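Reading the structure
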Amino acid sequence: MRGTKKREIKKKHSNKIPDELGLYLENETLKYKISNEISEKTKTWQVLFNKLKDCTLDCPPIFYEDGVNYIVVNAKKLTFCFTTVSNLSPFYLLELLRSIITLIKDFCGVINEQSIKQNFAMIHEIIDEAIDFGFPQNTQSQTIKKFVCNEPIILQKIPSSQKLFSTKEKKTVSFQATNKSIKNKRKLLQKKKNEEIYIDLIEKIVLQFNDTGEVIRSELNGKIQIKSFLKTPSHLKIGFNKLIIGPQDEKFNYMEGIIIEDCNLHRNCDVSRLDRENIIKIIPPEGEFILMNYRMSGQSVKIPFRIFPIIENISKTMITMKLKIHSDYAEHIYGSSVLVYFKVPDEVISLSYTIDQQKKNEQGSQQVKFDKNQRKVFWKIQKFFGECEKHLFCNLILKSGIENIKKLKSQIGPICMEFEIPSHSSSDIKIKSIKTIPLNNLNKKIKNPIRYKRNITFSKSYFMRL
Amino acid sequence: MSSSRVIKSFRQLLNESKEQSRRRVVIEQIISAMSLGVNLSPLFADMVKAAQTTDLVQKKMIYLYICKYAEENKELLILSTGTFQRDCQSQDPLVRGLSLRSMSSLMNKELVEYMAREIKKGLMDRSNYVRRIAVLATVKLFRVSPELVLGTEIEKKLYSMIAEVDPYVSINSVVALNEILASKGGISITQKIIIHLLKRFHEFTHWGQSIVLGLVANYAPQSEQECLQILNLLDNYLKSGNTSVILAVSKVFINLINDLPNLRNQIYDRIKNPLITLVSCTGNEMAYPVLKHIYLIATQLPNLFASESSRFFIKGSDPTYLQEIKIDILCEIVNKQNFKQIIFALASYVINSSLNEQISSYCIRAIGKIASQLSSYFDMVIDYLMEFIELDIPHIVEASMIILKDVIRLFPEQSLEIVLPELKRLSEIIHTEEAKVSLIWILGEFGEKIDEGPYILEKFVETFSEESSEKIKLELLTSVLKMFFKRPPESKKMLGVILHEATENSNEPDVIDRGLFYYRLISTDINKTKSIVLYEKEKFTRFTENDPLELFEILMDEFNTFSVVYKKPYDQFKRILHKNEEEEEEEEEDSSTDSSSFSEEELLDQIQQNVNDLDINQQNQNQQNSQEEQEIELVPKFNLEPSEFQNKWMNSSHNLNFDFELDEELDKESFEEILKENNFQVMASGLIQSTIKIFCYGKDISSNQIGLFQLLITGVNVKLNAKGTNPQFLKLFAEYIATVLTE
């Protein structure tokens, strides 16, 4: 009896403190330490976890306590933290911490508690080479590799929650394919098979409509992310479908192309041929890196979905509304896990609805739910093909005794959308070609590496105010 | 008691494994266990012996181990010097570098001579990998004994090494000199050094670039020509893929403005776009400090970002820390062109229920702040505030009323026209305390201007005796008195009632005091009272809560540091170490190293399994049985003096909070009885409203540890706060209390 109770309390206790790993620099001398929070009883962890626990709002990534500055970065459910007492540049430390995380990821293949626990010795080694006495040395996987002796222990099973692409097409490779270590002895032996490069074009879209359906704000943030497993040092040439033009460019006036507002580039990039041939050249470092971040806004952003809400009638007992969503992209691609939701007044007690099913075989792929606690109506569409329309008619039934009808209307909305559209880019930037040319041209026998390109558009914030 | 068995089994494994691959696995397990917080210090001698291996993988791990436990094994360290020295002579530069780096990291006084000798050799090494490690080793040497570095040939050598071809050696020399000469303000920045470093800027890593930029920011160019050269050279790096470099360039640019005042706007224009890109492209963690820096620049140049206001609108996915700073920025960059857009956005956040309550109150405050900056639009602001109040959502009403009051204080004449006719309706719909106080204040100050003013107040007076809020009572007293002097015929009766209620029937001392004070004041000299109560208020235009302008000037000097993020100069958050604090810290560390709450069984299991994988004899299996239960039993008649208890309570190094639930409700007496039965000693107990508060302590027989704790019991919910010196004991102790109480 006593034993069982004890265990229960223990469980409760450990639920409160997130079971996470971290890494931190300490004091002016900037020592580093990898440790498991559970066993670590130093003050730093105590402060950090109290802070994470106590924060009623989200914990800011930079804060101080007792004159010690904490820099906290979350990656895949793990918390990484640096501390220092000097008044340094927060960007310097954040970038450094991120580099370390990328390094660990490059070497271990995936980043999670298990993979870190199994590779402690190697991670110590990596950090020893990357940071000497608190001063960053070399944080590039490629150059560090020759100094690291331990072999990584690769996790075999990869939890499905890490998947980014929810669709399974035969042509595409799942995102997990990139969960490999750049340092893997067995694979080194089969050299040719292992030459792979992944190029991802990921765009996030921010869009706001006003009540008449006009776009009042549209922004797009994109990045081109590369993960290179090339073992032969090579030039990589990436060709784009259209010209990419900056706002200050003089060509802006008379040439057709995609106008971006600003971008930043990887340091090894050669963009000298970008304006004539739409080509970016780079000698890719091994591991994961971002080739380019760009942003654009206004009319250059293509709008994937348009929302047409009609509130037909508001009476004392019921609100009738019609919602139409129109998709505006190529027919053969589809948005997956499209979620439309909107808030309804507190007085709504239940909902009746009809979904307009265009084709019979699509039945069951749509779901409508009313969440009483959140006061929200959710409408989920599994597959939303391009160039088509979906309709939702709903009757919101009100509780009796309502007088202020005007107030009711102001409490409907905003209508928000969440979605991901694989193989679609809202900026219209597309990767046309990927070529690799070995640096050492004498050795022409090397097979072309396997090249994967993927693009996807995500919603970051997509809504309409009523 | 904790890790002795683990150590024993490790030692055994180390001695038994002869094959290199097996030794590797064993050492790897040792590092793993060490990283998990197990104290493996006793293995030191064995590990030093193992360091003689020629296998680099093992050597690296062993050196890591030695560095970690050097402090606790000072007397054994001398054993390792032989190995270190031998490795410093190795043919392999990796081994030389490793050995030098590890040896210098020991930071031990006794080894200082060996260290200095090897560092000098290392600085001359033919491998640049070793040289760059040697350069940083000088900093470590400096920390141990400064006199061996300062003003010696090492310092001179470092200066000459800045010119080395290898970028790492060059940057490390700069870094090392900067550290060593920190007390003299860092490395002396000459034109020659700056030109040299900027010429080869592209060779350096991002970190190197950031460090060079830090120097350039402190460099005063000799001529305008030179300023422009630096500007043009660095302009390209505003497109760098590394945030740290972009911000460091920005800092250089901002500092150069002092030399080129006529280019001020142009320079800021160059910085603007990269910063905005960073906000949207780098993830929330990075966006946070970037926004803080944009906010700072916006305080200096509000119009720079004015046309970009939509960039700072809140997105649904923003965490709250981004939401707050975005609202701050919107307040700064507001102008006549974007005013409507910004106010509209803020207003929509207020009613957007997916945002946090605190944020919607924050937005309302922001709206008030904007009204104080752009006085011509205050009527629009008031309209919004009235709309919010009608929503009848408590936290929104509260914040809106307070801001409404402030707006009226700022623009009394104009705003009263709009607000006064609404007062009666407002008085009927608001319920919360702060909102009521604000309303009563407005009534007292301006209520005489409308006919029904005194009667609205009278309504409040009628319920005075039932009012539970002291704040409302006090405000009401003052307001009624003010009204009395302005509209005596209607208010005379009301004043009598409220003074009577306040002085005769109130429980709150403050209310009685103020009532009596007014009563005596009126009865002494009524005219004087009038002049005191209705004094002429000075007109003001700026709230003192707004941040002082000088602060931002100081922060501009500390651009690209934590100061900007915290909105505080470095002096205000810098760490100050007191003498006793240092001692205390040491003590704490002691207690933390010998305690470990990991599960020994699990760890042993894991080690066992990993080693078994390599066919190592399974000799330790018999160790595995017999689960050891750690039990607490308390000393029966243990006594602490109250002062001793208090002292221990204040000074305990470890603190543990945890909550649990009881099966049934108990009263205070039964709690004390249960505790006493189990040999806990009750120091003090009390009842606050419905919460029982008990201070208690106990001493464990076997470990001799003392634990103190406080219980807060409301119904079946118990909040436990335990304090002591040993965290592991504390946990057991807390669990014991919970077990005792729940049974």
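Residues numbered from 1 in each chain as written. Chains lettered and ligands numbered in written order. Predicted model: local features only at pLDDT ≥ 70, side-chain atom pairs only at ≥ 80, totals over all residues. Heavy atoms only, no water.

The name given to chain B in an unreviewed UniProt entry is AP complex subunit beta, with Anaeramoeba flamelloides as the source organism. Here chain B is described in UniProt, under the heading Subcellular location (unreviewed entry), as follows: "Endomembrane system". Quoted verbatim from the Sequence similarities (unreviewed entry) field of the UniProt record, the comment on chain B reads "Belongs to the adaptor complexes large subunit family." (UniProt positions renumbered as here; feature names shortened; annotations may be inferred.)

Identification of chain A as Ap-4 complex subunit mu-1 from Anaeramoeba flamelloides is taken from an unreviewed UniProt entry. The heading Subcellular location (unreviewed entry) in the UniProt record of chain A holds the text "Endomembrane system". Database annotation for chain A, UniProt heading Sequence similarities (unreviewed entry): "Belongs to the adaptor complexes medium subunit family."

1. Some words on the overall build of chain A
A tally of helices and strands in chain A yields 9 helices and 25 strands. Looking at chain A alone, contacts between residues at least 24 apart form 71% of all its contacts between residues at least 6 apart. (Helix = DSSP H or I, 4+ residues; strand = E, 2+ residues; numbered from the N terminus. Contact = heavy atoms within 4.5 Å.)

2. Focus on the side chain of B:Thr83
Residues and elements named next belong to chain B. Looking at the secondary structure, you find Thr83 in helix α5 (residues 74-88). Its relative accessible area of 4% is what places Thr83 among the buried residues. Each residue touching Thr83, except ones within four places of it in the same chain, is listed here: Ala51, Gln52 and Tyr63. (Buried < 20%, exposed > 50% of the residue type's maximum accessible area, 1.4 Å probe, protein only.)

3. Description of the environment of B:Ser17
Positionally, B:Ser17 belongs in the loop between α1 (4-16) and α2 (20-35). The class of B:Ser17 is buried, set by a relative accessible area of 4%.

4. Comments concerning helix α6 (residues 93-105) of chain B
Here α6(B) spans 18 Å end to end across 13 residues, near enough to the 18 Å set by a 1.5 Å rise per residue. Summarising burial for α6(B): 11 of the 13 residues are buried, a large majority. B:Leu94, B:Val95, B:Arg96, B:Gly97, B:Leu98, B:Ser99, B:Leu100, B:Arg101, B:Ser102, B:Met103 and B:Ser104 are the residues of α6(B) that are buried. Next to the buried residues of α6(B) lie α5 (120-130) and β6 (131-132) of chain A together with α4 (56-69), α5, α7 (112-123) and α8 (128-144) of chain B. Where α6(B) begins, one side-chain oxygen reaches toward the backbone nitrogen of B:Leu94, 2.9 Å away; that side chain belongs to B:Asp92. Two residues or fewer after α6(B) comes B:Met107, characterised by a positive phi angle close to 50°. (Expected span 1.5 Å × (residues − 1). Polar contact = N/O pair within 3.5 Å; in protein donor to acceptor, adjacent residues only side chain to side chain.)

5. Re the pairing of strand β10 (residues 234-240) of chain A
All names here are of chain A. Burial analysis of β10 places 6 of its 7 residues in the buried class, which makes it a mostly covered element. Relative to strand β24 (residues 431-438), β10 is paired through 7 bridges, and the arrangement is antiparallel. Across the sheet, residue His235 finds its bridge partner in β24, namely Ile437. The pairing of β10 with strand β14 (residues 279-282) spans 4 bridges and is classified as antiparallel. Bridge assignment links Leu236 to a residue of β14, and that residue is Ile282. (Pairing = 2+ DSSP bridges.)

6. Here's the deal with the interface of chain B and chain A
Taken together, the contacts link 108 residues of chain B with 93 residues of chain A. Both faces combined, the contact of chain B with chain A buries some 9,000 Å², and carbon together with sulfur accounts for 55% of it. Three residues stand out in chain B for area buried against chain A, namely B:Trp207, B:Glu285 and B:Phe562, and they jointly supply 10% of the buried area on that side. For B:Arg311, the salt bridge identified is with A:Glu261, shortest N-O distance 2.5 Å. (Buried area = accessible area lost by both parts, 1.4 Å probe. Salt bridge = Lys/Arg side-chain N within 4 Å of Asp/Glu carboxyl O.)

7. Some thoughts on the domain arrangement of chain A
Residues and elements named next belong to chain A. Partitioning chain A into structural domains gives domain 1 (2-144), domain 2 (173-302 + 424-464) and domain 3 (305-421). At the boundary of domain 2 with domain 3, total buried surface from both sides reaches about 1,200 Å², with 60% on carbon and sulfur atoms. Here domain 2 is connected to domain 3 by 0 salt bridges. Put simply, domain 2 and domain 3 have 5 residue pairs in polar contact (both at pLDDT 80 or more) between them. Among the elements of the structure, β8 (196-209) and β25 (450-464) are those that each provide at least two residues to the side of domain 2 that touches domain 3. With 8 residues, the top contributor of residues to the side of domain 2 that touches domain 3 is β25. (Domains from an automatic or database assignment.)

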